[in-house]
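Coordinates in review
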Amino acid sequence: MLTVAISSGLVWLLFKVLYRNSDAELDGYESLVFVLAPALLVFLVSIFAPTPITAVAELLYWIVPAVLLRKVFDVPFWQAFRGGLWVFLIVFGVTVATVLLFSLEA
C-alpha cells in the first residue's frame, strides 16, 4: 500500500501539470482511485490466478485510468490513452524503486 500512496501522489502532481488548462480538474481522491482500483483488481487476480496471468493483469494500471479519463472526465481518446500510460509508468517505477529499496535493507 506504500506504493499506492506514493504513486497516487505522483499521479496527482503529474495530472495537475498535464491537465492544468482543461476542464478535467483532478483532486487527490480521484488520483487515489486511478491507482487503488487497479491495485485491488491486480490483488484479486493474484489470489485466484496463476503467476503469468498476474503479470498481464499489471496492464490494468493502464486500462482503468484510461477508461476513467475517457468516460468520466470526457477527455479525448489519445489524451486518456496517454494519461493511462503515465499512470502505468509511474506505478511501475515506484514499484521497482520500492522493491529495490527494501531488498537493499535485507
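Residues numbered from 1 in each chain as written. Predicted model: local features only at pLDDT ≥ 70, side-chain atom pairs only at ≥ 80, totals over all residues. Heavy atoms only, no water.

This part is about the overall build of the chain. Secondary structure assignment for the chain yields five helices and zero strands. Along the chain, helices (α) and strands (β) appear in the sequence α-α-α-α-α when read from the amino end. For 106 residues, the compact-globule formula gives about 13 Å, and the C-alpha radius of gyration of the chain, at 14 Å, lands near that figure. Projected onto the principal axes, the alpha-carbon positions of the chain cover approximately 45 × 30 × 20 Å. Per-residue burial for the chain yields a buried fraction of 29% across its 106 residues. Within the structure as shown, the chain displays about 6800 Å² of accessible surface, and the carbon and sulfur contribution to it stands at 75%. Counting 5 positive and 7 negative side-chain charges, the chain places the averaged centre of each group 10 Å from the other. (Helix = DSSP H or I, 4+ residues; strand = E, 2+ residues; numbered from the N terminus. Rg over C-alpha atoms; globule rule 2.2 N^0.38 Å. Buried < 20%, exposed > 50% of the residue type's maximum accessible area, 1.4 Å probe, protein only. Areas by Shrake-Rupley, 256 points an atom, 1.4 Å probe, with all protein chains shown as cover. Lys, Arg positive; Asp, Glu negative; His and termini not counted. Charge placed at Lys NZ, Arg CZ, Asp CG, Glu CD.)

Working note: a packed helix pair is described by the angle between its axes plus the distance between those axes. The contact between helix α2 (residues 28-48) and helix α4 (residues 60-71) brings their axes to 9 Å, and the two run at 135 degrees. By the angle between their axes, α2 is oblique relative to α4. As for how α2 packs across α4, the hand of that crossing is right-handed. Packed against α2, whose contacting residues are V33, F34, V35, A37, P38, A39, L41 and V42, the element α4 presents L60, Y61, V64, P65, L68 and L69 at the interface. (Axes fitted to C-alpha atoms, helices over the stretch in contact; angles between N-to-C directions. Parallel < 35°, antiparallel > 145°, perpendicular 65-115°, else oblique. Left-handed = near helix turned anticlockwise from the far one by under 90°. Contact = heavy atoms within 4.5 Å.)

On the surface, L2, I6, L10, W12, L13 and F102 cluster together to form a nonpolar patch covering roughly 540 Å² of accessible area. At five residues, the largest contribution of residues to the nonpolar patch is made by helix α1 (residues 2-18). Among the secondary structure elements, F102 is positioned in helix α5 (residues 77-105). In this structure F102 comes out as partly exposed when scored by relative accessible area, which is 45%. (Patch = residues over 30% accessible without salt bridge, like charges linked within 9 Å, V, L, I, M, F, W, Y side chains within 5 Å. Salt bridge = Lys/Arg side-chain N within 4 Å of Asp/Glu carboxyl O.)

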